[in-house]
Amino acid sequence: SNLPDCVKSAKLRKQEQHLCIVGMERQAYQDMVTSCRATVGVLGVKLGPNPPCSRDLTMDYSFDYAQQV
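Below: a short report on this structure. (Residues numbered from 1 in each chain as written. Predicted model: local features only at pLDDT ≥ 70, side-chain atom pairs only at ≥ 80, totals over all residues. Heavy atoms only, no water.)

As a further point, take the overall build of the chain. What the chain contains, in helices and strands, is 1 helix and 0 strands. Entry remark: accessible area of the chain is about 6,800 Å², with carbon and sulfur atoms responsible for 57%. (Helix = DSSP H or I, 4+ residues; strand = E, 2+ residues; numbered from the N terminus. Areas by Shrake-Rupley, 256 points an atom, 1.4 Å probe, with all protein chains shown as cover.)

Over its 39 residues, helix α1 (residues 5-43) runs 57 Å from end to end, which matches the ideal 57 Å to within 8%, given 1.5 Å per residue. Where α1 ends, the next residue or the one after it, G44, has phi of about 70°, a positive value. (Expected span 1.5 Å × (residues − 1).)

As a further point, take a nonpolar patch on the surface. Judged by side-chain polarity, L43, L47, L57, M59 and Y61 come together as a nonpolar surface patch covering roughly 510 Å² of accessible area. Along the polypeptide, M59 turns up in the segment after α1. Assessed through its relative accessible area of 32%, M59 is described here as partly exposed. (Patch = residues over 30% accessible without salt bridge, like charges linked within 9 Å, V, L, I, M, F, W, Y side chains within 5 Å. Salt bridge = Lys/Arg side-chain N within 4 Å of Asp/Glu carboxyl O. Buried < 20%, exposed > 50% of the residue type's maximum accessible area, 1.4 Å probe, protein only.)

Now the structure itself:
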């Protein structure tokens, strides 16, 4: 576009910084998923339908239906 080079460079740096942050967030998420899978395996929890309050533990579920990749 017709923007000065200094403005283009600033926008590019901001985009690169965003991509770096997103990469770290994605890695943190993947590490947590791996850790949770290991924990579920150790506890012998079968994922799927279970009777309410059938185990002495708490699990939180989160779904991101609007994730933009």
